Amino acid sequence: MHTICRIQNDAFDVVKLHDALCENSKNTGAVATFTGLVRGFDKSGEHPAIDYMYLQHYPQMTESSLKLIIEQVNSRFDLLAATVIHRIGKLKPGDPIVFVGIASEHRRDGFQATQFIMDYIKTQAAIWKQVSLNDQKYWVEVNKTDLLALKYWQ
Amino acid sequence: MVSLVIGRLMIKLLFFGRLSELAYDAPAIIKATSINEVIDMLKVKHPLLAKELNAPQVLVAVNHKLSDCNVVLKPGDALTFMSPVTGG
């Protein structure tokens, strides 16, 4: 399987990433993608907008944890290519955080593999979010629904 | 040169997520052979951090690989404490 896995500060071009997956193999019959964005409101919903989000990562483990997730997804589904890009650093509301794209022969593998990768990134990748709102900062807590989503695959 | 030698005999400490904020003035290196010993030493000047490190959801890595809490630490090891991850 052809794989691209990157951690970066810079924005990514969703169209280019999508097109590269489409052109990767003549056997490709489906490309499924997911793009995660910085939500503009805080967890309580009381405030109309957060100021920014800071994504911290553990450089010596982040990429290896993403590669491990890609290895796992490749062993479970019939895939032709996978692209996982995760941003770090200071991002503002509306900015893309993460891109997951899968090329496969059939749509079901693409849908499921994309969801699998996101469920694992949420709970296994060495990345942490801190929200800044009205001059205050708080670390994002683990979402129980993310933990439940992971159990679906186990 | 002396500090380099001392550094090799010590455990390097790293903290991520919420723990990194609590550990802003914690030592970067420490002399210890177990994780419990590290936490006990931190209790003296960093009681809040030490309490958080004992939480069951805290992840531990030794030399950048996930590890269990009973690992024997060797001089020069990097010991990392991580809050539960929240990427994606």
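First, a word on scope: everything that follows refers to the structure included in this document.

**As for the overall build of chain B**
Argument step 1. From N to C terminus, chain B includes four helices and five strands.
Argument step 2. Sequence-ordered secondary structure for chain B, helices as α and strands as β, is α-β-α-β-α-α-β-β-β.
Argument step 3. Relative to a compact globule of 88 residues, whose C-alpha radius of gyration would be 12 Å, chain B shows 13 Å and is just as compact.
Argument step 4. The buried share among the 88 residues of chain B stands at 27%.
Argument step 5. Of the contacts formed within chain B by residues at least 6 apart in sequence, a portion of 47% connects residues at least 24 apart.

**Quick word on the nonpolar core**
Argument step 1. The biggest cluster of nonpolar side chains holds 51 residues, and the ones touching the most others in it are Ile69(A), Val73(A), Ile117(A) and Met82(B).
Argument step 2. Those residues within four positions of Met82(B) in sequence are excluded, and the remaining contacts are Tyr58(A), Ala126(A), Phe16(B), Gly17(B), Leu19(B), Val58(B), Leu59(B) and Ala61(B).

**What to know about the packing of helix 2 (residues 59–76) of chain A against helix 3 (residues 107–124) of chain A**
The packing of two helices is summarised by the inter-axis angle and the distance between the axes.
Residues and elements named next belong to chain A.
Argument step 1. Where helix 2 contacts helix 3, the two axes come as close as 10 Å, and the packing angle between them is 150 degrees. Helix-helix and strand crossings are classified by hand; for helix 2 and helix 3 the assignment is right-handed. From helix 2, Ser65, Ile69, Gln72, Val73 and Arg76 reach across to helix 3, where they touch Ala113, Phe116, Ile117, Tyr120, Ile121 and Gln124.
Argument step 2. Residues that form the contact of helix 2 with helix 3 fall into these classes: seven nonpolar, three polar and one charged.

**Topic: the interface of chain A and chain B**
Argument step 1. Counting residues at the interface gives 20 residues for chain A and 14 residues for chain B.
Argument step 2. If you list the elements that add at least two residues to the side of chain A that touches chain B, you get helix 2, helix 3 and strand 7 (127–133) of chain A.
Argument step 3. Take the side of chain A that touches chain B: its biggest share by element is five residues, from helix 3 of chain A.
Argument step 4. Its residues assigned to classes, the side of chain A that touches chain B comprises 12 nonpolar, six polar and two charged.

**Overview of the sheet that holds strand 1 (residues 11–16) of chain B**
Argument step 1. Pairing in this open sheet of five strands is mixed, and the strands run 2-1-5-3-4 (chain B) from one edge to the other. Strands with a single pairing partner mark the edges of an open sheet, and in this sheet they are strand 2 (29–30) and strand 4 (65–67) of chain B.

**Notes on the pairing of strand 3 (residues 52–57) of chain A**
Argument step 1. In this structure, strand 3 of chain A lies alongside strand 7 of chain A, joined through six bridges in antiparallel fashion. Across the sheet, residue Tyr54(A) finds its bridge partner in strand 7 of chain A, namely Gln130(A).

**Observations concerning the sheet that holds strand 6 (residues 96–104) of chain A**
All names here are of chain A.
Argument step 1. Taken in spatial order, the four strands of this open sheet run 1-4-6-2, and their pairing is mixed. Two strands close off the open sheet at either side, each with one partner strand: strand 1 (2–8) and strand 2 (30–37). Direction aside, the axes of adjacent strands within the sheet are offset by 5 degrees on average.
Argument step 2. Relative to strand 6, strand 4 (residues 81–87) runs antiparallel, the two being bridged by six bridges. Paired with Ala81 across the two strands is Ala103, which belongs to strand 6.
Argument step 3. Helix 1 (residues 14–22) contacts strand 2, strand 4 and strand 6 of the sheet and is inclined by roughly 15 degrees relative to strand 6.

**Digging into the environment of Val98(A)**
Argument step 1. Along the chain, the position of Val98(A) falls in strand 6.
Argument step 2. Apart from residues no more than four positions distant in its own chain, Val98(A) is found in contact with Gly36(A), Ile85(A), His86(A), Ile121(A) and Gly88(B).

**A word on the environment of Ile35(B)**
All names here are of chain B.
Argument step 1. Turning to its location among the elements, Ile35 is positioned in helix 3 (residues 35–45).
Argument step 2. The buried category is assigned to Ile35, around which 23 C-beta atoms lie within 10 Å.
Argument step 3. C-alpha of Ile35 to C-alpha of Asn54: the two residues are 19 residues apart in sequence and 9.8 Å apart in space.
Argument step 4. Setting aside residues no more than four positions away along its own chain, Ile35 makes contact with Val60, Cys69, Val71 and Leu79.

**Concerning the environment of Thr86(B)**
Argument step 1. The topology assignment puts Thr86(B) in the segment after strand 5 (78–82).
Argument step 2. In this structure Thr86(B) comes out as buried when scored by C-beta crowding, with 22 C-beta atoms within 10 Å.
Argument step 3. Residues Thr86(B) and Ser34(B) lie 52 residues apart in sequence; the distance between their C-alpha atoms is 27 Å.
Argument step 4. Not counting the four nearest positions on each side in its chain, Thr86(B) is found in contact with Trp128(A), Lys129(A), Val140(A) and Val142(A).

Cut-off values and rules
Residues numbered from 1 in each chain as written. Chains lettered and ligands numbered in written order. Predicted model: local features only at pLDDT ≥ 70, side-chain atom pairs only at ≥ 80, totals over all residues. Helix = DSSP H or I, 4+ residues; strand = E, 2+ residues; numbered from the N terminus. Rg over C-alpha atoms; globule rule 2.2 N^0.38 Å. Buried ≥ 20, exposed ≤ 12 C-beta atoms within 10 Å, placed from the backbone. Contact = placed C-beta atoms within 7 Å. Core = buried A, V, L, I, M, F, W, Y, C linked by C-beta atoms within 7 Å. Axes fitted to C-alpha atoms, helices over the stretch in contact; angles between N-to-C directions. Left-handed = near helix turned anticlockwise from the far one by under 90°. Nonpolar A, V, L, I, M, F, W, Y, C, P; charged D, E, K, R; others polar. Pairing = 2+ DSSP bridges.

Purely geometric stuff here, so don't read any function into it on its own.
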